[in-house]
Amino acid sequence: MAVETENADLLDRARASVQERAELPGMSLMEHLEELRKRLLHAILYLLGGCIVAGIFIKQLTGFIQKPLTNIGLQMTMFHPTEAINFDIKTAIVCGAIIASPFILYQVWLFISPGMYANEKKYVWPFMSATVTLFLAGAWFGYRYVLPGAMVVLVKHFGHDFNQVIGIDEYTGFFMSLILGLGITFELPILIFFLSLFGIVDAKFLLKHFRYAIMAIFLVAACICPDPSPTGMCLFASPMLVLYFLGVVIAYYVHPKRRNRKKEASGAAA
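Given the structure is predicted, the values throughout are model-derived calculations rather than measurements.

### Quick look at the overall build of the protein chain
Each helix and strand in the protein chain was counted, giving 11 helices and two strands. Sequence-ordered secondary structure for the protein chain, helices as α and strands as β, is α-α-α-β-α-α-β-α-α-α-α-α-α. Taking all 270 residues of the protein chain together, the buried fraction comes to 37%. Pairs at least 24 apart in sequence give 81% of the contacts found in the protein chain among residues at least 6 apart. Split by element, the accessible area of the protein chain, about 16,000 Å² in all, is 70% carbon and sulfur.

Structure (structure tokens):
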């Protein structure tokens, strides 16, 4: 019963936040649609630029992606005439999106900024810097530790009795899902930042429910960890736990109630 009440309170806060921001003076519906079209066009142009840059360095990127496989003495195998060109296209798109991500994120921020208060817009550069840094940190963690470990455990340990032939499509799909998945997972503090900024959750709520967060984090770690031992799972869960509690600190500082109390205290002191 208590959980249902808390969930209802959370939904009420989310509705109140959306309604409050919908009432802010801003653009009309047609102006919003025009702004959305403009930001999408700019984002697509930045993505195309990133893809061109990635295409120029496609040979280096191929070696970079294949390195965890070559480290264990294997190489991607081509089973279909179109696999090589499909690999180049996918690599250029994904890497181009990563290269262009700061510019695309800025377009996202420009689109949502009319629905934010003036004192909230100062977070644009911290938001962009933290988003890109956290994503790259998650991708690096996956490339440096998770993927090499997965190759050793899955191919060398569990697959030592079989003929080891790994296709381009299968390996690329595994590589991209793991690297991008970890990159997105590391964006947890950014999600908490926005939920707190809009007054939906606060530090007290996050600390009160940290047990559920820990359970979810360990479930994710169990899915991505190549080592089935508890030690390996704890190793992969540790960064996510740190990020969650970093999000608690962020929630404490950006929640509207704390900002309002600080503003009132400043006004009283003046």
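### What about the nonpolar core?
Core analysis: the largest hydrophobic core is formed by 54 residues, its most contacted members being Leu69, Phe127, Met151, Tyr171, Phe175, Leu206 and Tyr244. Contributions of two or more residues to this core are made by α3 (58–70), α4 (83–112), α5 (124–157), α6 (168–185), α7 (188–197), α8 (203–208), α9 (210–224) and α10 (230–254). The leading source of residues in this core is α5, at 12 residues. Filtering out sequence-adjacent residues up to four positions away, Tyr244 remains in contact with Leu188, Ile192, Leu206, His209, Phe210, Ala213 and Ile217.

### Re α6
The terminal C-alpha atoms of α6 lie 25 Å apart, and with 18 residues this matches the ideal 26 Å at 1.5 Å per residue to within 8%. Taken as a whole, α6 has its buried residues at Ile168, Tyr171, Thr172, Phe175, Met176, Leu178, Ile179, Leu182 and Gly183. Buried residues along α6 sit in contact with α3, β1 (76–77), α4, α5, β2 (166–167) and α9.

### Things to note about the state of the cysteines
In this structure the tally under the stated criterion is zero disulfides. Free cysteine: Cys51, not disulfide-bonded; nearest cysteine sulfur from Cys95 at 9.2 Å. Residue classification places Cys51 among the buried residues on the basis of a relative accessible area of 17%.

### Some points on the packing of aromatic side chains
Applying the stated criterion across every chain, the model contains 12 aromatic pairs. Seen from their ring centres, Trp140 and Tyr145 are 5.6 Å apart, and the 85° between their planes marks the pair as edge-to-face. The interplanar angle of 45° and the centroid separation of 5.7 Å between the aromatic rings of Phe141 and Tyr145 together place this pair among those described as tilted. You can see Phe141 and its partner Tyr145 sitting in helix α5, four residues apart, about one turn around the helix. For Phe141, a relative accessible area of 11% puts it in the buried group. By way of ring pairs, the aromatic residues Phe64, Tyr143, Tyr171 and Phe175 are connected into one cluster. Between the NZ or CZ atom of Arg144 and the centre of the ring of Tyr145, over which it lies, the distance is 5.0 Å.

### Some remarks on the packing of α3 against α4
Running from N to C, α3 and α4 point in directions that differ by 90°, and their axes come no closer than 10 Å. With respect to α4, the axis of α3 lies roughly perpendicular. From α3, Ile58, Leu61, Thr62 and Ile65 reach across to α4, where they touch Phe87, Asp88, Thr91, Ala92 and Cys95.

### With respect to the confidence of the model for the protein chain
Low pLDDT marks stretches whose predicted atomic positions should not be read closely. For the protein chain, per-residue confidence averages 81 on the pLDDT scale, and 80% of positions sit at 70 or higher. Mean pLDDT across the elements of the protein chain bottoms out in helix α1 (residues 2–22) (55) and peaks in α3 (93).

### Digging into α7
Of all 10 residues that make up α7, seven are buried, and the element is covered over most of its length. For α7, the set of buried residues is Pro189, Ile190, Ile192, Phe193, Phe194, Ser196 and Leu197. Within two residues after α7, Gly199 carries a phi angle of roughly 75°, on the positive side.

### Points about the pattern of salt bridges
Taken as a whole and judged by the stated rule, the model has two salt bridges. Arg37 serves as the salt-bridge partner of Glu34, at 2.9 Å between the closest nitrogen and oxygen. Here Glu34 pairs with Arg37, and both are found in helix α2 (residues 29–56), just three residues apart, close to one helical turn.

How each quantity is defined
- Residues numbered from 1 in each chain as written.
- Predicted model: local features only at pLDDT ≥ 70, side-chain atom pairs only at ≥ 80, totals over all residues.
- Heavy atoms only, no water.
- Helix = DSSP H or I, 4+ residues; strand = E, 2+ residues; numbered from the N terminus.
- Buried < 20%, exposed > 50% of the residue type's maximum accessible area, 1.4 Å probe, protein only.
- Contact = heavy atoms within 4.5 Å.
- Areas by Shrake-Rupley, 256 points an atom, 1.4 Å probe, with all protein chains shown as cover.
- Core = buried A, V, L, I, M, F, W, Y, C linked by side-chain atoms within 4.5 Å.
- Expected span 1.5 Å × (residues − 1).
- Disulfide = S-S within 2.5 Å.
- Phe/Tyr/Trp six-rings, centres within 6.5 Å; stacked < 30°, edge-to-face > 60°.
- Lys NZ or Arg CZ within 6 Å of the ring centre and 35° of its normal.
- Axes fitted to C-alpha atoms, helices over the stretch in contact; angles between N-to-C directions.
- Parallel < 35°, antiparallel > 145°, perpendicular 65-115°, else oblique.
- pLDDT = per-residue confidence, 0-100.
- Salt bridge = Lys/Arg side-chain N within 4 Å of Asp/Glu carboxyl O.

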